[in-house]
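This is what each chain is made of:
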Amino acid sequence: MTDASKDEQARQLLAVYDDQLRGTSESADVPTSMDGPVIRVEYPSRGFVSYRSLDGLDSAEIDALIARQRDFFAAKGQAVEWKLRGHDKPADLPERLRAAGFEPEEQETVLVAESADIVERLRGRESVDGVTIRLAGDRADFERIAAMESTVWNENWSWLADDLARRHATGLTDIYVAEADGEVVSAAWAVYKKGTEFTGLWGGSTLADWRGKGIYKALVAVRAARAAELGHKYLHVDASDDSSPILQRLGFLAVTTTTPYVHTPS
């Protein structure tokens with residue numbers, strides 16, 4: 001594929017991403033409220049702001065909109081995340097968010113691919129010698145995954161067990177665990193976005209001693225195959241700097257970036 005054709009494909013994928021994954025699809029199965037073009041998502045831990053476009057608002061209206069989201073969640077004693085994409089307008093939106101007291105967290109790359117393409121590229125890579133990949137489905141599995149993540153990140157990720165249990169209960173998430181000699185060495189999950197053609201790929205952290213053995217690719221292959229089987233045309237990842245190059249080598253295209261801007265009340 002030439003650079004020009006790759007750029008054109010990336011533009012087409014970005015248009016589909018904006019159309020299907022912005023706004024209401026980001027807030028399924030959780031309490032929400034509307035404020036003009038934005039959807040306020042009320043997660044138990046912190047708020048989340050989603051929108052498709054701020055077109056039609058002047059500078060003063062945008063500043064007021066940002067301040068209202070900050071103040072809405074501050075009144076509840078909660079932090080709030082404004083998820084900024086790299087192609088969002090106006091161009092000075094990052095400065096406006098900072099001026100309202102929002103601080104940026106780590107930027108990630110938004111990657112999109114067609115499920116069938118990834119299935120073909122990873123054919124035969126769905127397994128790793130000495131490792132069993134299976135669906136996780138009970139509380140014990142979720143707690144073991146949370147313990148593995150705590151080891152990987154050297155932080156307390158015990159909260160993840162509750163999050164995975166909630167996701168599993170919706171019927172819209174498949175959670176995969178990779179085990180070796182009874183030990184959880186990696187885990188990843190696929191989130192089927194209701195009302196869209198997208199499956200989101202999340203997780204994939206792997207214990208240090210098990211990296212470089214193909215487990216991450218196998219988890220991508222298994223989830224891509226399941227997504228294609230369910231009729232989900234596209235795969236989507238918010239990728240860290242570590243996983244982005246791997247996924248791009250597998251055929252994912254970078255379509256934009258995403259940066260969480262977070263306000264935490266004092």
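Residues numbered from 1 in each chain as written. Predicted model: local features only at pLDDT ≥ 70, side-chain atom pairs only at ≥ 80, totals over all residues. Heavy atoms only, no water.

### Some remarks on the overall build of the protein
The secondary structure content of the protein amounts to eight helices and twelve strands. Computed over its C-alpha atoms, the radius of gyration of the protein comes to 19 Å, within 12% of the 18 Å expected for a compact globule of 266 residues. For the C-alpha atoms alone, the extent of the protein along its principal axes is close to 60 × 45 × 30 Å. Within the protein, buried positions represent 48% of all 266 residues. When contacts within the protein are restricted to residue pairs at least 6 apart in sequence, long-range pairs at least 24 apart make up 70% of them. Summed over all atoms, the accessible surface of the protein reaches about 12900 Å², with 48% contributed by carbon and sulfur. Separation between the mean location of the 31 positive side-chain charges and that of the 44 negative ones in the protein comes to 2 Å. (Helix = DSSP H or I, 4+ residues; strand = E, 2+ residues; numbered from the N terminus. Rg over C-alpha atoms; globule rule 2.2 N^0.38 Å. Buried < 20%, exposed > 50% of the residue type's maximum accessible area, 1.4 Å probe, protein only. Contact = heavy atoms within 4.5 Å. Areas by Shrake-Rupley, 256 points an atom, 1.4 Å probe, with all protein chains shown as cover. Lys, Arg positive; Asp, Glu negative; His and termini not counted. Charge placed at Lys NZ, Arg CZ, Asp CG, Glu CD.)

### Here's the deal with the packing of aromatic side chains
Summed over all chains, the structure comprises six aromatic pairs. Their ring planes at 65° and their centres at 6.3 Å tell us that Tyr-43 and Phe-48 sit as a pair that is edge-to-face. Classification of Tyr-43 as partly exposed rests on a relative accessible area of 24%. Centre to centre, the rings of Trp-153 and Trp-157 are 6.0 Å apart; their planes meet at 10°, and the pair counts as stacked. (Phe/Tyr/Trp six-rings, centres within 6.5 Å; stacked < 30°, edge-to-face > 60°.)

### Re the pattern of salt bridges
Taken as a whole, this structure holds 26 salt bridges when the rule is applied. Arg-11 is the partner of Glu-8 in a salt bridge, and the nearest nitrogen-oxygen pair spans 2.9 Å. Of this pair, Glu-8 and Arg-11 both sit in helix 1 (residues 3–21), three residues apart, which is roughly one turn of that helix. Among the salt bridges present, the one from Lys-83 reaches Asp-238, with a minimum N-O distance of 2.8 Å. A residue pair is termed long-range when its members are at least 10 positions apart, and Lys-83 in strand 4 (residues 80–85) and Asp-238 in strand 11 (residues 234–239) qualify at 155 residues. Look at Asp-238 and you get buried, because its relative accessible area is 11%. By sharing partners, the salt bridges in this structure join Arg-134, Asp-141, Arg-144 and Glu-179 into a single network. (Salt bridge = Lys/Arg side-chain N within 4 Å of Asp/Glu carboxyl O.)

### Overview of the nonpolar core
Judged by nonpolar contacts, the single largest core of 27 residues is most densely connected at Ile-145, Leu-160, Leu-164, Ile-175, Trp-189 and Ile-215. Where this core is concerned, the elements lending two or more residues are helix 5 (139–153), helix 6 (159–170), strand 8 (173–180), strand 9 (183–192) and helix 7 (215–229). Broken down by element, the residue count for this core peaks at six residues, all from strand 9. With near-sequence residues (within four places) excluded, Ile-145 lies in contact with Ala-136, Leu-160, Leu-164, Ile-175, Val-177, Val-184, Ala-187 and Trp-189. (Core = buried A, V, L, I, M, F, W, Y, C linked by side-chain atoms within 4.5 Å.)

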